[in-house]
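Breakdown of the fold
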Amino acid sequence: MIPVSLPGGNFYVLMAASLACLATLLTWLALLATSRNARLWLGAHRRRAAAMMVFLTVFGVIFPYQQFSLWFSAQRQARANDS
C-alpha cells in the first residue's frame, strides 16, 4: 500500500473559508447584476459594501494563492532537477 500524507487541519479550514467567501462574493455580484434593489442598496452603502467586497476577495484568495504558489514552486524545482 502506498503511504499518503494527509494535509494538516489548517488546510481544510482555509479551504472552507475561502470557498465560503468566494461563493458569497460571486452570489453578491450575480445579485447586483440582476436586482435593482441590490444596486440601490449598494449605492446607499458604498463604503460598507466596498469594505465587505474587499474583505471577501482578500480572504477568499488566500487559499488559491497558497496552492498556486506551492504548485509553481514544485514546477520550478522539477525543471531545475531535469536540467
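None of these values were measured; they are calculated from a predicted model. As a convention, each chain's residues are numbered from 1 in the sequence order in which they are written. Residue-level local features of this predicted model are given only where pLDDT is at least 70; pairs of side-chain atoms are given and counted only at 80 or more, and the full residue set underlies all totals for whole chains, interfaces and linings. To get the side-chain values, all heavy atoms of the structure are used, and hydrogens and water are removed first.

Helix and strand assignments follow DSSP, with helices taken as H or I runs no shorter than four residues and strands as E runs no shorter than two, numbered in order from the N terminus. Helix and strand content of the protein chain: three helices and zero strands. Helices and strands appear in the protein chain in the N-to-C order α-α-α. Computed over C-alpha atoms, the radius of gyration of the protein chain comes to 19 Å, more than 25% over the 12 Å expected from 2.2 N^0.38 for 83 residues, which places it beyond the range of a compact globule. A principal-axis box enclosing the C-alpha atoms of the protein chain has dimensions of 55 × 30 × 20 Å. Going through the 83 residues of the protein chain one by one, you find that 16% of them count as buried. Here, Shrake-Rupley sampling with a 1.4 Å probe gives the accessible areas, and only protein chains in the shown set may cover a residue. Of the roughly 6,900 Å² that the protein chain leaves accessible, carbon and sulfur atoms contribute 68%. The globule rule used here is 2.2 Å times the number of residues to the 0.38 power, and the radius of gyration it is set against is calculated over C-alpha atoms. The cut-offs for exposure are 20% and 50% of the maximum accessible area for each residue type, with area from a 1.4 Å probe on protein chains only; residues under the lower value are buried, those over the upper are exposed, and the others partly exposed.

As a further point, take the nonpolar core. Here, nonpolar core refers to any group of buried Ala, Val, Leu, Ile, Met, Phe, Trp, Tyr and Cys residues whose side-chain atoms link them within 4.5 Å. Core analysis: the biggest nonpolar cluster contains eight residues, these being Cys21, Leu25, Trp28, Leu32, Ala38, Ala49, Met53 and Leu56. Elements with a minimum of two residues in this core: helix H1 (9–34) and helix H3 (46–82). Counting residues per element, this core draws most heavily on H1, at four residues.

Only the six-membered ring of Trp is used, alongside the rings of Phe and Tyr, when aromatic pairs are assigned; centres must lie within 6.5 Å, and planes under 30 degrees apart are stacked while those over 60 apart are edge-to-face, with the rest tilted. Taken as a whole, this structure holds six aromatic pairs when the rule is applied. Their ring planes at 40° and their centres at 5.8 Å tell us that phenylalanine 68 and tryptophan 71 sit as a pair that is tilted. You can see phenylalanine 68 and its partner tryptophan 71 sitting in helix H3, three residues apart, about one turn around the helix. Residue class for phenylalanine 68 comes out partly exposed when judged on its relative accessible area of 47%. Note on tryptophan 71: relative accessible area 47%, which makes it partly exposed. An aromatic cluster is present here, built from Phe11, Tyr12 and Phe63 joined pairwise through their rings.

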